[in-house]
Amino acid sequence: MKEKELRRSLAVLPIGTVMKLTNLTARQIRYYETQELIKPERSDGNRRLYSLNDVDRLLEIKDYLDEGLNMAGIREIFMQKQLDQEHRKEQQSKTLTDDDVREILHDEILRAGGLQGMSPTSPKLR
DNA sequence: CTTCTAACA
DNA sequence: TGTTAGTA
């Protein structure tokens, strides 16, 4: 699930391809960049290189524009989305995973069994 | 031929 | 946003 996100963020598409994929003009794509809505990679002789994520981002921008939002508004939405996912990752790092719970439960059972002696034929608890 | 920056009859 | 000029 990490390999896929890596490919998705690989910047390899020239602006011409992005134009066809998004139906946006080069002018618009470059303009949105000046508005901090996208940050294309730069390579070769200063040519812009976009990733599939950038394409999705541009598609979202087009939708928000249709909904009447301006560049600043869209930028705020992206920033908010960024904060949301950062918050989620932080929570996930502090939340007990299923494996953690299983391990804790296992230790508790060993302790109880150690005091009283468990039958070797007791059903496997994992 | 494609892309880039800058500028506007 | 479109378009065009002069480059790289």
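About the criteria used
- Residues numbered from 1 in each chain as written.
- Chains lettered and ligands numbered in written order.
- Predicted model: local features only at pLDDT ≥ 70, side-chain atom pairs only at ≥ 80, totals over all residues.
- Heavy atoms only, no water.
- Near = heavy atom within 4 Å.
- Polar contact = N/O pair within 3.5 Å; in protein donor to acceptor, adjacent residues only side chain to side chain.
- Helix = DSSP H or I, 4+ residues; strand = E, 2+ residues; numbered from the N terminus.
- Nonpolar A, V, L, I, M, F, W, Y, C, P; charged D, E, K, R; others polar.
- Expected span 1.5 Å × (residues − 1).
- Buried < 20%, exposed > 50% of the residue type's maximum accessible area, 1.4 Å probe, protein only.
- Contact = heavy atoms within 4.5 Å.
- Arc of directions from axis to C-beta.

If you look chain A up in an unreviewed UniProt entry, it shows as Transcriptional regulator GlnR from Paucilactobacillus suebicus DSM 5007 = KCTC 3549.

Draft legend 1. Quick look at the protein's contact with DNA strand C. What surrounds DNA strand C is the set Thr 25, Arg 27, Gln 28, Tyr 32 and Arg 47. Between DNA strand C and the protein, one listed contact pairs a phosphate oxygen with a side-chain N or O atom of Thr 25 at 2.9 Å. The separation between a phosphate oxygen of DNA strand C and a polar side-chain atom of Gln 28 is 2.6 Å. Sorting elements by how many residues they give to the surface near DNA strand C places helix H3 (residues 26-34) first, with three residues.

Draft legend 2. Spatial organisation of the protein's contact with DNA strand B. The environment of DNA strand B is made up of Pro 14, Ile 15, Gly 16, Arg 27, Arg 30, Arg 42, Asn 46, Arg 47 and Arg 48. Counting only atoms of DNA strand B within 4 Å of the protein, the sugar-phosphate share comes to 77%. A distance of 2.7 Å separates a phosphate oxygen of DNA strand B from a polar atom in the side chain of Arg 30. The separation between a sugar or linking oxygen of DNA strand B and a polar side-chain atom of Asn 46 is 3.4 Å. Taken together, the elements giving at least two residues each to the surface near DNA strand B come down to helix H2 (15-22), H3 and strand S2 (47-49). Among the residues forming the surface near DNA strand B, the class breakdown is two nonpolar, two polar and five charged.

Draft legend 3. Region of interest: helix H5 (residues 71-94). Between its terminal C-alpha atoms H5 stretches 35 Å, which fits the 34 Å expected from 24 residues at 1.5 Å a residue. Of all the residues in H5, the buried ones are Met 71, Gly 73, Ile 74 and Phe 78. Buried positions along H5 lie against H3 and helix H4 (52-66). Measuring from the side-chain oxygen of the N-cap residue of H5 to the backbone nitrogen of Ala 72 gives 3.2 Å; that N-cap residue is Asn 70.

Draft legend 4. Here's a closer look at the side chain of Glu 33. Summarising the element assignment, Glu 33 is placed in helix H3. Separated by 2.7 Å, the side chains of Glu 33 and Arg 48 make a polar contact. Beyond its immediate chain neighbours, meaning those up to four positions away, Glu 33 contacts Ile 38, Pro 40, Arg 42, Arg 48 and Tyr 50.

Draft legend 5. Just the environment of Ser 93, in detail. The residue Ser 93 is located in helix H5 in this model. A relative accessible area of 58% places Ser 93 in the exposed class. A distance of 2.6 Å separates a polar side-chain atom of Ser 93 from the backbone oxygen of Glu 90.

Draft legend 6. Spatial organisation of H2. Taken residue by residue, H2 has Ile 15, Val 18 and Thr 22 as its buried positions. Relative to the axis of H2, the buried residues are bounded by an arc of 55 degrees and lie together on one face. Residues of H2 that are buried sit in contact with H3, S2 and H4. Remark: Asn 23 follows H2 within two positions and exhibits a positive phi of approximately 65 degrees.

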